[in-house]
Amino acid sequence: MKPIFQRSPHNPILAARDMPFPAAAVLNPGATEHEGDVVLVLRVEDHAGFSSIYVARSKDGVTGWRIQPEPLLRHGEPRWRYEMYGCEDPRVVYLSEQGYWYITYTGYSSSGAAVALARTKDFVEAERVGLIFSPNNKDSALFPKRFNGRWAVLHRPDAGGGIEDIWIAYSPDLIHWGEPRCVLREGYGPAWDAVKVGAGPPPVLTEFGWLLIYHGVKAYGGELLYRAGAAVLDEIEPHEVIGRTSGWLFQAEEIYEVSGLVPGVVFPTGMLIRGDELWMYYGAADTCVCLATAKLKDVLEVVVPQ
Ligand code: BMA
């Protein structure tokens, strides 16, 4: 069967050697568009092992990346104690009502991994909102609009006992979050996503509802394989699941995915809709940044069979 996603022939589109400063890895990029450019917000791990968030811009979203030399969100700022160990895995979305791009990311510190929120208008300076979920919690993605007056965010609390499901919370002001509901449970038994699931990029509204790309994890011989699946959430009540792929849609196969710092990982964190195509930006092997594209209708067909 022809795969739904096609990899860019330019993969990896960004790697440590492309940074104008020493870097150990470039991974897990948020993606958006700003002033005629595709903008990626990159997690860059430095040679000391700590990650900050940097910005890369390109006209075509594939080549000619311009990297801003200063981080947008630098870990270890004295005022931001919950980011002492790193700012990781950003997802970015434009909230037109606010006139800002909002970035959810993992604030990593001696207290664990928590969900942090920041916003920017220009991708040169960012203003931190602060933590929105305490540890351990990560893989957070905001929806771009309000639902009955409330913003909504997906996140992945660690429930203990090995349970790591995707939850949703709602907020009137992007600061106070409540009304928790479990949206997508991890799979069971030998399922491809039985170890854990986590939201990928901010969901995109389609004719069937909100398309969510998520990662699912299974252990083979003690090694964790991170693959990507998809779900569609209700347009009005996004805690309701309309459809979910029974299996994964995308997995590590190319050399830059099966070898690297963490082999066997594809970790989608950015999604753009360009014409009738879905562009999925992902981290490969926790080492570099890649792109795969699909026809949006082909993805929807497997999530919500007609
Ligand atoms: C998750 C996060 C991601 C990473 C993934 C795969 O827990 O740490 O940053 O890409 O594991 O190793």
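I will try to describe carefully the structure that is included in this document.

1. Digging into the overall build of the chain
Counting secondary structure elements, the chain contains two helices and 21 strands. The globule rule puts the C-alpha radius of gyration for 306 residues at 19 Å, and the 18 Å found for the chain is close to it. Looking at the chain as a whole, 58% of its 306 residues are labelled buried. Contacts in the chain between residues at least 24 apart in sequence constitute 48% of all its contacts with a sequence separation of at least 6. Of the roughly 12,700 Å² that the chain leaves accessible, carbon and sulfur atoms contribute 52%. Put simply, the chain has 28 plus and 38 minus side-chain charges, and the middle of one group is 1 Å from the middle of the other.

2. Focus: the site of the ligand
For the ligand, the full set of nearby residues is Asn28, Arg43, Asp89, Lys138, Tyr226, Val262, Val265, Phe267 and Asp286. The separation between an oxygen atom of the ligand and a polar side-chain atom of Lys138 is 3.3 Å. In the environment of the ligand, an oxygen atom lies 3.2 Å from a nitrogen or oxygen atom belonging to the side chain of Tyr226. Coverage of the ligand by the protein chains reaches 84% of its 310 Å² of free accessible surface. Residue composition of the shell around the ligand, grouped by class: four nonpolar, one polar and four charged.

3. Describing the packing of aromatic side chains
Counted under the stated rule, the structure contains 13 aromatic pairs. Summarising the aromatic geometry, the rings of Phe133 and Trp177 are spaced 6.4 Å apart at their centres and angled 45 degrees between planes, so their arrangement reads as tilted. Here Phe133 is found in strand E9 (residues 127–133), whereas its partner Trp177 is found in the loop between strand E12 (166–171) and strand E13 (178–184), with 44 residues between them in sequence. As far as burial versus exposure is concerned, Phe133 and Trp177 are alike and both buried. Seen in terms of ring centroids, Trp192 and Tyr214 are 5.6 Å apart; in terms of plane orientation they differ by 35 degrees. Their pairing is tilted.

4. Details of unusual backbone geometry
Looking along the chain, the bond that leaves Asn11 and enters Pro12 is cis, with omega of -15 degrees. Residue placement: Pro12 occurs in the loop between strand E1 (6–7) and strand E2 (25–34). With phi around 50 degrees, Glu35 is a residue other than glycine that occupies positive phi space. Relative to the elements of secondary structure, Glu35 occurs in the loop between E2 and strand E3 (37–45). With a phi angle near 50 degrees, Asp89 is a residue other than glycine that sits in the positive phi range. We classify Asp89 as buried; its relative accessible area is 7%.

5. Structural notes on the environment of Ser246
The residue Ser246 is located in the loop between strand E18 (241–244) and helix H1 (255–258) in this model. The spacing of Ser246 and Trp192 is 54 residues in sequence and 9.1 Å in space, taken between C-alpha atoms.

6. Quick look at the sheet that holds strand E21 (residues 288–295)
Here we have four strands laid out as an open sheet, ordered E1-E21-E20-E19, and antiparallel in their pairing. Of all the strands in the sheet, the pair left with one neighbour each is E1 and strand E19 (266–274). Running over the sheet, helix H2 (residues 296–303) touches E19, strand E20 (277–284) and E21 and is turned about 80 degrees from E21.

7. Considering the sheet that holds strand E11 (residues 151–157)
Taken together, four strands build an open sheet; the order of strands is E10-E11-E12-E13 and the sheet is antiparallel. Each edge of the open sheet is held by one strand with a lone partner, namely strand E10 (137–142) and E13. Put simply, the sheet's adjacent strands are angled 30 degrees from each other on average, direction ignored. Bridge count between E11 and E12: five bridges; the pairing is antiparallel. Residue pairing for E12: Ala152 is matched across the bridge by Tyr170.

8. Quick word on a nonpolar patch on the surface
Together, Met84, Tyr85 and Tyr108 make up a nonpolar patch on the protein surface, roughly 250 Å² of accessible area in all. Relative to the helices and strands, Met84 resides in the loop between strand E5 (66–67) and strand E6 (86–95). By relative accessible area, which is 31% here, Met84 ends up partly exposed.

So, how was this worked out
- Residues numbered from 1 in each chain as written.
- Predicted model: local features only at pLDDT ≥ 70, side-chain atom pairs only at ≥ 80, totals over all residues.
- Heavy atoms only, no water.
- Helix = DSSP H or I, 4+ residues; strand = E, 2+ residues; numbered from the N terminus.
- Rg over C-alpha atoms; globule rule 2.2 N^0.38 Å.
- Buried < 20%, exposed > 50% of the residue type's maximum accessible area, 1.4 Å probe, protein only.
- Contact = heavy atoms within 4.5 Å.
- Areas by Shrake-Rupley, 256 points an atom, 1.4 Å probe, with all protein chains shown as cover.
- Lys, Arg positive; Asp, Glu negative; His and termini not counted.
- Charge placed at Lys NZ, Arg CZ, Asp CG, Glu CD.
- Near = heavy atom within 4 Å.
- Polar contact = N/O pair within 3.5 Å; in protein donor to acceptor, adjacent residues only side chain to side chain.
- Nonpolar A, V, L, I, M, F, W, Y, C, P; charged D, E, K, R; others polar.
- Phe/Tyr/Trp six-rings, centres within 6.5 Å; stacked < 30°, edge-to-face > 60°.
- Pairing = 2+ DSSP bridges.
- Axes fitted to C-alpha atoms, helices over the stretch in contact; angles between N-to-C directions.
- Patch = residues over 30% accessible without salt bridge, like charges linked within 9 Å, V, L, I, M, F, W, Y side chains within 5 Å.
- Salt bridge = Lys/Arg side-chain N within 4 Å of Asp/Glu carboxyl O.

The analysis is restricted to geometry; functional conclusions fall outside its scope.
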